[in-house]
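Close look at the chain arrangement
Here's the letter readout for the chains.
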Amino acid sequence: MPDRFDRIRWRRIAMRTLAIATVVLAAGVAARAWFLHWQPDRERYPLRGIDVSHHQGAIDWHAVARDDVAFAYLKASEGGDHRDRRYGENAAGARAAGVAVGAYHFFTFCRGGAEQAANFLAAAPARADALPPALDLEFGGNCGRRPDAAAMRAELDAFLAPVEAAYARPALLYVTPEFFDAYRDALPPRPLWRRSILHAPDSRAAWTLWQYHNRARVAGIDGPVDLNVFDGDAAAFARWRGATR
C-alpha cells in the first residue's frame, strides 16, 4: 500500500510541476509577444521610422514602406574612414519606395571631428530631399577614450560646422541615456533623437525622434530592427524636414 500512495503522490507532484511549467511558458510567450509589438500611442505619434545599417542585410524597401514606415535613417559612415557598404543601395531603395531618407554618422572619440565630417560628406553628400543629417553619439561600440566635456564639444562643433553648411540645416543628435548623462551640458543646442526602449524619454530635454524599440520586426527586413517615432504629425514632419540652418 505505501508504494501505491507514493506513486499517486509523485503523479500529483508531476502534474502540478507540468501545470506550473505550462503557465510559465505561456507567460513567457505572452511577454515576448508584448515586447515585440509594443509601441507608443500612434494617434499621438503617427509617423513611424526605422534606422538600419549593413547589419540588416538586403532590405525589401517596398515591403518596408507598406508596413507603416514613413522614414528611415541609414548608416552612412563611422569614424574617419569607414563607410557602410549598403548605404547607397539602401538610400536608392528607400527613396524608390517613397520612404523619407536621412543619413547618420557614428561618431568615434578617437578621431577628429573635421576628419569625420569629411568622411560623412563623402559617403552621404547633401541632397535637397534628405532628412537632416544625424550624428550617433554613444559609448557602445566606441573606442575606449572618454574625452572631457570641453574636448567633446570642440570635436562635435568641428563635425557639425561643415556638415550643417553642406546640408543647410541643423543636424540631429542621437543620444543614448548613458551618453546624455555624461555630456548633457556640453551638447550643442540641436534637435535630439533620444533612445528610450519601451518607455517615453524622461523630461530633461525635448526630443524630435524617439527610438523606442531595438528588437522589433518589420516586413521586408530579416531579423530585428530599431523603431522610432517623430514627435508630431505629417505637417510638423514636413516643416522639420525642410527647416533651414
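Residues numbered from 1 in each chain as written. Predicted model: local features only at pLDDT ≥ 70, side-chain atom pairs only at ≥ 80, totals over all residues. Heavy atoms only, no water.

**Some thoughts on the nonpolar core**
- In this structure, Ile-50, Trp-61, Leu-137 and Phe-179 are the most contacted members of the largest nonpolar core, which totals 52 residues.
- With six residues, the top contributor of residues to this core is helix H5 (residues 149-167).
- Ignoring sequence-local partners within four residues, the contact set of Phe-179 consists of Phe-109, Leu-137, Glu-138, Phe-139, Met-152, Arg-184 and Leu-187.
- Membership of the second largest hydrophobic core comes to 15 residues, among which are Leu-47, Tyr-104, Trp-193 and Ala-236. (Core = buried A, V, L, I, M, F, W, Y, C linked by side-chain atoms within 4.5 Å. Buried < 20%, exposed > 50% of the residue type's maximum accessible area, 1.4 Å probe, protein only. Helix = DSSP H or I, 4+ residues; strand = E, 2+ residues; numbered from the N terminus. Contact = heavy atoms within 4.5 Å.)

**Some words on the confidence of the model for the protein**
- On average, residues of the protein score 91 in pLDDT, and 88% of them are at 70 or above.
- Every residue in residues 27-31 scores below 50 in pLDDT, and together they form zero contacts with partners more than four places removed in sequence or on other chains. (pLDDT = per-residue confidence, 0-100.)

**Some thoughts on the environment of Leu-47**
- Tracing the sequence through the fold places Leu-47 in the loop between helix H1 (2-37) and strand S1 (48-52).
- As for Leu-47 and Phe-230, which are separated by 183 residues in sequence, their C-alpha atoms are 5.7 Å apart.
- Discounting chain neighbours no more than four positions away, the residues touching Leu-47 are Arg-42, Ala-70, Phe-71, Asn-228, Val-229, Phe-230, Asp-233, Ala-234 and Phe-237.

**Some words on H5**
- Taking 1.5 Å as the rise per residue, H5 with 19 residues should run 27 Å; its terminal C-alpha atoms sit 26 Å apart, in good agreement.
- Residues Met-152, Leu-156, Phe-159, Leu-160, Val-163, Glu-164 and Tyr-167 constitute the buried set of H5.
- On its buried face, H5 is in contact with strand S4 (100-106), helix H4 (113-123), strand S5 (134-137), strand S6 (172-175) and helix H6 (177-183).
- For H5, the capping residue at the N-terminal end is Asp-148, with a side-chain oxygen 3.3 Å from the backbone nitrogen of Ala-150.
- One or two positions beyond H5, positive phi appears at Ala-168, with a value near 55 degrees. (Expected span 1.5 Å × (residues − 1). Polar contact = N/O pair within 3.5 Å; in protein donor to acceptor, adjacent residues only side chain to side chain.)

**Looking at the layout of surface pockets**
- The computed volume of the largest pocket comes to approximately 440 Å³.
- In terms of lining, the largest pocket is formed by 20 residues, of which the most central are Asp-51, Tyr-104, Asp-136, Glu-138 and Asp-226.
- Going through the elements one at a time, S1, strand S2 (71-78), S4, strand S7 (192-195), strand S8 (209-216) and strand S9 (225-230) are the ones with two or more residues in the lining of the largest pocket.
- With three residues, S8 is the largest single contributor of residues to the lining of the largest pocket.
- Its residues assigned to classes, the lining of the largest pocket shows seven nonpolar, five polar and eight charged. (1 Å grid on protein atoms, 1.4 Å probe; cavity = no way out; pocket = protein on both sides within 12 Å on 5 of 7 lines; lining within 4 Å. Points joined across faces, edges and corners; volume = space filled by probe spheres on them. Nonpolar A, V, L, I, M, F, W, Y, C, P; charged D, E, K, R; others polar.)

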